[in-house]
Amino acid sequence: LYYSTDSYKFSQKMHQDFPEAKEKLSKGHEKTVASSVLSSLDNIFTENKNFENSFKFIGVIKNKRKWRYINSEYIEEHPNLRKFKVILPGSNGSGAIGEVLSTPLVGEPLVGHTQTFISFGAFDNREEAENLLKYIKTKFARTMLGTLKITQSNKKDTWRNVPLQNFTNNSDIDWSQSIAEIDQQLYKKYGLDEREIKFVEEKVREME
C-alpha cells in the first residue's frame, strides 16, 4: 500500500510548456515533484484552480502545509492519484518508539503530494481510507512501526513489520469502533500477552 516520497512525477508536457522549470529542479530528478516546487514553481502550482482539469497537491511552504493546484496534464498518472488514500509526512519525530505521526489525513481523488509526504492505499471509496487512517493511528500499528523506525524517516522498509489488514466492511476488525477499541481487537488478533499489552499501552502515545 506504500507509495514513496518521490512517486509522483512531472509529465513531459510540463517540461515542454515550461522549459525553464528544469533549472529549478535537481539535476537528474527533473521529473520529481520535489518538496520545494510549490514555491519554486509558483507559476505552475497556483493558489487558484486555473484549469478545468487540475490536481490539488499538498506540500510545505516556509514550514507550513499548503495546498496548490496544477494542470492535470503536467503530472504523470499515478496508482492512487484518482483514488482515496492516506497522506502523511515522509519524515516524522526522532524514531523513538511510541511517537505520534504528524497529522495524517485522507486524500481524496485528484489529490497528490510533493516529496515531503508519503501515501498509503488506492481505494475506490472513502470508508476504506478512513479505516486505514484509524489503523495507522492505533498504538499497535505504531508500535510495530517503531520496531524498525529508528530515525525520522518513514521509508518503506520501516513499515515492514506492520501487518496488512482488510479495510473493508468484511474485515475481521470492526473499524466502526474507536481507535482504542480497535487496538484491543488487534491485541487479541495477534495474541499479545498482558505484559506486551501493558508495554504498548504505557509507552505509546494516543492519537485521536
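In this report, the structure presented in the accompanying data block is examined.

Rules used in this analysis
- Residues numbered from 1 in each chain as written.
- Predicted model: local features only at pLDDT ≥ 70, side-chain atom pairs only at ≥ 80, totals over all residues.
- Heavy atoms only, no water.
- Pairing = 2+ DSSP bridges.
- Helix = DSSP H or I, 4+ residues; strand = E, 2+ residues; numbered from the N terminus.
- Axes fitted to C-alpha atoms, helices over the stretch in contact; angles between N-to-C directions.
- Salt bridge = Lys/Arg side-chain N within 4 Å of Asp/Glu carboxyl O.
- Phe/Tyr/Trp six-rings, centres within 6.5 Å; stacked < 30°, edge-to-face > 60°.
- Buried < 20%, exposed > 50% of the residue type's maximum accessible area, 1.4 Å probe, protein only.

**Examining the sheet that holds strand β3 (residues 64-71)**
Here's step 1: Strands sit in the order β3-β2-β6 across an open sheet of 3 strands; the sheet is mixed. Two strands bound the open sheet, and with one partner strand each, they are β3 and β6 (111-113). Averaged over neighbouring strand pairs, the angle between their axes works out to 30 degrees when direction is ignored.
Here's step 2: The pairing of strand β2 (residues 54-61) with β6 spans 3 bridges and is classified as parallel. For Lys56, the partnering residue across the bridge sits in β6 and is Val111.

**Examining the pattern of salt bridges**
Here's step 1: Across all of its chains, the model carries 12 salt bridges by this definition.
Here's step 2: Its salt-bridge partner being Lys13, residue Asp17 comes within 3.3 Å of it at the nearest N-O pair. Linking Asp17 with Lys13, this pair stays in helix α1 (residues 12-17), spanning 4 residues, or about one helical turn.
Here's step 3: In this structure, Arg126 and Glu108 form a salt bridge, with 2.4 Å as the shortest nitrogen-oxygen distance.

**Looking at the packing of aromatic side chains**
Here's step 1: According to the stated counting rule, one finds 11 aromatic pairs in the structure shown.
Here's step 2: Ring geometry for Tyr2 and Phe120: centres 5.4 Å apart, planes at 80 degrees, overall edge-to-face. Taken together, the positions of Tyr2 in strand β1 (residues 2-3) and Phe120 in strand β7 (residues 117-123) put the pair 118 residues apart, joining distant regions of the chain.
Here's step 3: The buried category is assigned to Phe120, whose relative accessible area is 7%.
Here's step 4: When the centroid spacing of 5.3 Å and the interplanar angle of 35 degrees are considered together, the rings of Phe167 and Trp175 count as tilted. Each of the two residues, Phe167 as well as Trp175, counts as buried.
Here's step 5: Following the ring pairs from residue to residue traces out a cluster consisting of Tyr8, Phe10, Phe45 and Phe57.

Geometric descriptors of this kind do not, in isolation, establish any biological role.
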